[in-house]
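Topology and contacts: notes
In case you want the letters, here they are:
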Amino acid sequence: MNLHVVYSSDDNYAQHVGVSMLSLLENNKEFSTIDVYIIENNISKKSKNHLISISNNYDRNLHFISLKDYSNRLKLNIGNSISINSYARLFLTSILGEEIDKVLYMDCDSIITSSLAELWQKDISEYYVAGVSDTVGNSTKEKINMDSKSPYINAGMLLVNLKKWRENHIERAFIDFIDSYNGKVYHHDQGTINGVLEGKMLLIHPKYNAMTTFFTMKKEEIFKYYGMQEYYSSKELIEAKNKPVFVHFTPAFVNRPWIKGNKHPLAYQYQHYLEKTPWKGTKMDEDKRSIGEKIVATLFNNLPFTMAFSIRRLIFK
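Note on numbering: residues in each chain are counted from 1, in written sequence order. Per-residue local features of the predicted model are confined to residues with pLDDT of at least 70, and side-chain atom pairs are confined, for both listing and counting, to 80 or more; whole-chain, interface and lining totals are unaffected and use all residues. The side-chain quantities take in all heavy atoms of the structure and omit both hydrogens and water.

The next subject is the nonpolar core. Throughout, nonpolar core names a set of buried Ala, Val, Leu, Ile, Met, Phe, Trp, Tyr and Cys residues whose side chains join them through atoms within 4.5 Å. The cut-offs for exposure are 20% and 50% of the maximum accessible area for each residue type, with area from a 1.4 Å probe on protein chains only; residues under the lower value are buried, those over the upper are exposed, and the others partly exposed. Ranked by internal contacts, the top residues of the largest apolar core, which has 67 residues, are Tyr 7, Leu 24, Leu 104 and Phe 300. Two residues qualify as a contact provided that any one of their heavy atoms is within 4.5 Å of a heavy atom in the partner residue. When neighbours within four sequence positions are excluded, Tyr 7 is seen to be in contact with Val 17, Ser 20, Met 21, Leu 24, Val 36, Tyr 37, Ile 38, Ile 39, Met 106, Asp 107, Cys 108 and Ile 112. In this structure, Leu 92, Val 185, Leu 197 and Met 201 belong to the second largest nonpolar core, which totals 37 residues.

Burial analysis of strand S4 (residues 102–106) places four of its five residues in the buried class, which makes it a mostly covered element. Pairing between strand S1 (residues 2–10) and S4: two bridges, direction parallel. Pairing of Val 5 across the sheet is with Leu 104, part of S4. Only when DSSP finds a minimum of two bridges between them are two strands counted as paired. By the criteria applied, helices consist of DSSP H or I runs no shorter than four residues and strands consist of E runs no shorter than two, each listed in order from the N terminus. As defined by bridge partners, S4 adjoins strand S7 (residues 157–161) across five bridges and the pair is classed as antiparallel. Within S7, the residue paired with Leu 104 across the bridge is Leu 159.

Axis definition: a line fitted to C-alpha atoms, over the contacting stretch in the case of helices. Angles run 0 to 180 degrees between N-to-C directions. The geometry of helix H14 (residues 291–302) relative to helix H15 (residues 305–315) is characterised by a closest axis approach of 8 Å and an angle of 155° between their N-to-C directions. By the angle between their axes, H14 is roughly antiparallel relative to H15. Judged by the sense of rotation from one axis to the other, the crossing of H14 with H15 is right-handed. Only Phe 305, Ala 308, Phe 309, Ile 311, Arg 312 and Ile 315 of H15 make contact with H14, whose side of the interface consists of Ile 295, Val 296, Leu 299 and Phe 300. A per-class count over the contact of H14 with H15 returns nine nonpolar, no polar and one charged. Any angle that falls under 35 degrees is termed roughly parallel, while one over 145 is termed roughly antiparallel, one within 65 to 115 roughly perpendicular, and all others oblique. Here a crossing is called left-handed whenever its near helix is offset anticlockwise from the far helix by less than a right angle, and right-handed whenever the offset is clockwise. Each residue gets one label: Ala, Val, Leu, Ile, Met, Phe, Trp, Tyr, Cys and Pro are nonpolar, Asp, Glu, Lys and Arg are charged, and the others, such as Gly, are polar.

This is how it looks when you write it as structure tokens:
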């Protein structure tokens, strides 16, 4: 089996790409070949050499692709609201070329804890993309004109049918969608993917994108906090929590494993893989959350959910 994986990063997140990539290669040795493509925006020579050394240690193929070559040509109407790197996943067919028909796109704030073989072999021939449902309410869907009953996926881990994207000119559809919102699509590139591909996405088990919320909330708490009516079953969420394949370090209340004072229950796994990279021994980042974010985190980390939820509503009306 030949696996194709894509990351997108600038130099600020190069360390996290390294950690994620090492965990990927360490836990997927059954693949005959693995090609990792890093869509990079000014990653330093030093960081590139670190990433190359990780790839070489596992005898895998690493490809750097400059985002500048494409961002200048695309001229996206997005202003300065978010890094252009986030939009790279929308243009994989142009960036990767026509020889690749399927790819796994993964955010770099992640680790892969076991084999991706089962996911990689999943039949998505009738779908444009496969992903895990995100924790969003109907208001998020309404802002991009989605039906409230349509699935809305988190774009941090995507199994992409590039062949179908090319055949149906999905890149052009993405650009037109962004333009129709004057560059201000809610949730940016993620909103664009969901808005354009509505009804054409395959939902997969939450273990393939175990977001921080899975570790900090029960199903009924997720429903209450995000104003949701339906989601995965409690059994599936517990399975994702206990045996995740792809751990996505979304901030939530506990912050990320490389931030001082974080309380993520799997922070030790991030540190485990970090110590196997050339970035071992790197000091943790300072907590730069706003005062409001820190207050909410303190509430939910120290009080019963119902009490914390009520106090939050009183403070932030």
